[in-house]
Amino acid sequence: EDPSLEKHFKGHRDSVTSVDFSLNKKQLASGSMDSCLMIWSMRPQMRAYRFVGHKDAVMCVQFSPSGHLVASGSRDKTVRLWVPSVKGESTVFKAHTATVRSVHFSSDGQSLVTASDDKTVKVWTVHRQKFLFSLSQHINWVRCARFSPDGRLIVSASDDKTVKLWDKTSRECIHSFCEHGGFVNHVDFHPSGTCIAAAGTDNTVKVWDVRMNRLLQHYQGNAVVNSLSFHPSGNYLVTASNDSTLKILDLLEGRLLYTLHGHQ
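Numbering of residues starts from 1 in every chain and runs along the sequence as written. Two thresholds apply to this predicted model, a pLDDT of at least 70 for residue-level local features and 80 or more for giving and counting side-chain atom pairs, whereas whole-chain, interface and lining totals are computed over all residues. Values shown for side chains rest on all heavy atoms present in the structure; no hydrogens or waters enter the calculation.

A look at the overall build of the chain
For step 1, the next point in the chain: Runs of E in the DSSP output that reach at least two residues are strands. Runs of H or I that reach at least four are helices, and both are numbered from the N terminus. What the chain contains, in helices and strands, is zero helices and 24 strands.
For step 2, the next point in the chain: Expressed as lengths along the three principal axes of its C-alpha atoms, the size of the chain is roughly 50 × 45 × 30 Å.
For step 3, the next point in the chain: When the 264 residues of the chain are sorted by exposure, 51% land in the buried category.
For step 4, the next point in the chain: Contacts between residues were defined by any pair of non-hydrogen atoms, one from each residue, lying within 4.5 Å. Residue pairs at least 24 apart in sequence account for 36% of intrachain contacts in the chain once pairs closer than 6 positions are excluded.
For step 5, the next point in the chain: In this description, accessible areas are obtained by the Shrake-Rupley approach with a 1.4 Å probe, and a residue is regarded as covered only by the protein chains that are shown. Carbon and sulfur atoms make up 49% of the accessible area of the chain, which amounts to about 13,100 Å² in all.
For step 6, the next point in the chain: Lys and Arg are tallied as positive, Asp and Glu as negative. Neither His nor the chain termini are counted. Charged groups are reduced to one reference atom each: NZ for lysine, CZ for arginine, CG for aspartic acid, CD for glutamic acid. Mean positive and mean negative side-chain charge positions of the chain (31 and 24 charges, respectively) differ by 7 Å. Note on classification: 1.4 Å probe, protein chains only; a residue is buried when its accessible area is under 20% of the maximum for its type, exposed when over 50%, partly exposed between these limits.

Following this line, the structure appears as structure tokens:
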């Protein structure tokens, strides 16, 4: 059936930068330029939690796979791990020297990968809460970094107009995709781990095969694409764009399926 607007949440005092569902879909986390993190309940009449701690805009949020933690990255150069309960306690990770744009848990919940305007991608252990290593070949801000579903690879997207693929064990850059005509805002792995999708300021979404390192699909839009996400089946891609819309792309047929209007 056609998508329809189900809920909308109000409470942030400035632009919302990032949203993520918990695994059980009962909660939604959001980060905002107001320096706060909010945890919203999908159940009616349940109040939202507001977490205060970051000293500047929150750029990214993500629930851990278990749902017991929420990671956030901020313009205050720190990463925080929050316990999503009434207390809203958090621990602070400090190693980046500029705005943290992206946080992502590995699928086993053991590791965290972060991307920053300091041009590095950093990997951390979640339980020992320790910085492990940096990946530093990008020559401009890194907007996004993601683990592959099996945790062996890391993909990163940067304002240097490249998408880089890294081997987590050897910490080497295996491949650079350089065909974007603008900054690359967002990148993510297909659930199968065999390909990635990247969104750019050149108004495009590109899908790459990471085994053959070749371009599989190319979608030309008419506005900057800020973020994207694969459907769990791997058959669809949802994108968010500067034209105030979300778009659902059918990857099997290689075409636009729906345009969602709702944001102003």
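After that view, the rundown keeps rolling.
Overview of the domain arrangement of the chain
How big an interface is tends to be reported as the loss of accessible area on association of its parts.
For step 1, the next point in the chain: Throughout the structure description, domain borders are defined by an automatic or database domain assignment. By the assigned domains, the chain splits into domain 1 (13-94) and domain 2 (95-263).
For step 2, the next point in the chain: Listed per partner, the contact involves 20 residues of domain 1 and 20 residues of domain 2.
For step 3, the next point in the chain: A 1.4 Å probe defines the accessible area here, and the buried area is the portion of it lost by two parts on being joined, summed over both. Of the roughly 1,500 Å² buried where domain 1 meets domain 2, counting both sides, 72% is carbon and sulfur surface.
For step 4, the next point in the chain: It is Gln62, Lys77 and Phe93 that lose the most area in domain 1 upon contact with domain 2, and together they represent 35% of the buried surface on that side.
For step 5, the next point in the chain: By definition, a salt bridge exists where a carboxyl oxygen of Asp or Glu is found within 4 Å of a side-chain nitrogen of Lys or Arg. For the pair domain 1 and domain 2, the number of links is zero salt bridges.
For step 6, the next point in the chain: Contacts described as polar in this section are N or O atom pairs within 3.5 Å, which, within protein, must combine one atom able to donate a hydrogen with one able to accept it, while residues neighboring in sequence count only if both atoms come from side chains. For the pair domain 1 and domain 2, the number of links is two residue pairs in polar contact (both at pLDDT 80 or more).
For step 7, the next point in the chain: Among the elements that take part in the side of domain 1 that touches domain 2, strand 5 (residues 58-63) stands out by supplying five residues, more than any other.
For step 8, the next point in the chain: Of the residues belonging to the side of domain 1 that touches domain 2, the class tally is ten nonpolar, seven polar and three charged. All residues other than Ala, Val, Leu, Ile, Met, Phe, Trp, Tyr, Cys, Pro, Asp, Glu, Lys and Arg, Gly among them, are scored as polar; the first ten of these are nonpolar and the last four charged.

Considering the sheet that holds strand 13 (residues 142-147)
For step 1, the next point in the chain: Note on pairing: DSSP must find at least two bridges between two strands before they are called paired. Reading across from one edge, 13-14-15-16 is the order of the four strands in this open sheet, with antiparallel pairing throughout. At either margin of the open sheet sits one strand with a lone partner, and together these are strand 13 and strand 16 (172-177). The average undirected angle you get between the axes of adjacent strands in this sheet is 20°.
For step 2, the next point in the chain: With five bridges connecting them, strand 15 (residues 163-167) and strand 16 associate as antiparallel partners. Within the sheet, the bridge partner assigned to Lys164 lies in strand 16 and is Ser176. The axes are straight lines fitted to the C-alpha atoms, using for helices just the contacting stretch, and the angles between their N-to-C directions are given from 0 to 180°.

Structural notes on the side chain of His104
For step 1, the next point in the chain: Structurally, the position occupied by His104 is in strand 9 (residues 100-105).
For step 2, the next point in the chain: Separated by 3.0 Å, the side chain of His104 and the backbone nitrogen of Phe147 make a polar contact.
For step 3, the next point in the chain: Once residues within four sequence positions are removed from consideration, His104 is found in contact with Gln62, Ser111, Leu112, Val113, Ala145, Arg146 and Phe147.

Things to note about the environment of Ala145
For step 1, the next point in the chain: Note that Ala145 resides in strand 13.
For step 2, the next point in the chain: By relative accessible area, which is 0% here, Ala145 ends up buried.
For step 3, the next point in the chain: Here the alpha-carbon distance between Ala145 and Ser35, two residues 110 residues apart in the chain, equals 21 Å.

Focus: the layout of surface pockets
For step 1, the next point in the chain: In this structure, the second largest pocket encloses a volume near 200 Å³.
For step 2, the next point in the chain: The method works on a 1 Å grid over the protein atoms by themselves. A cavity is a set of points holding a 1.4 Å probe that cannot get out, a pocket is an open set with protein on both sides within 12 Å along at least five of seven lines, and residues with an atom within 4 Å of a point line them. Around the second largest pocket sit 16 residues that line it, and Tyr219, Gln220, Gly221, Lys247 and Leu249 are the ones nearest its centre.
For step 3, the next point in the chain: Of all the secondary structure elements, the ones that give two or more residues to the lining of the second largest pocket are strand 19 (204-209), strand 20 (214-220), strand 22 (236-241), strand 23 (245-250) and strand 24 (255-261).
For step 4, the next point in the chain: Each residue belonging to the lining of the second largest pocket can be placed in one class, and the counts come to six nonpolar, seven polar and three charged. Grid points are joined across faces, edges and corners, and a volume is the space filled by probe spheres set on the points.

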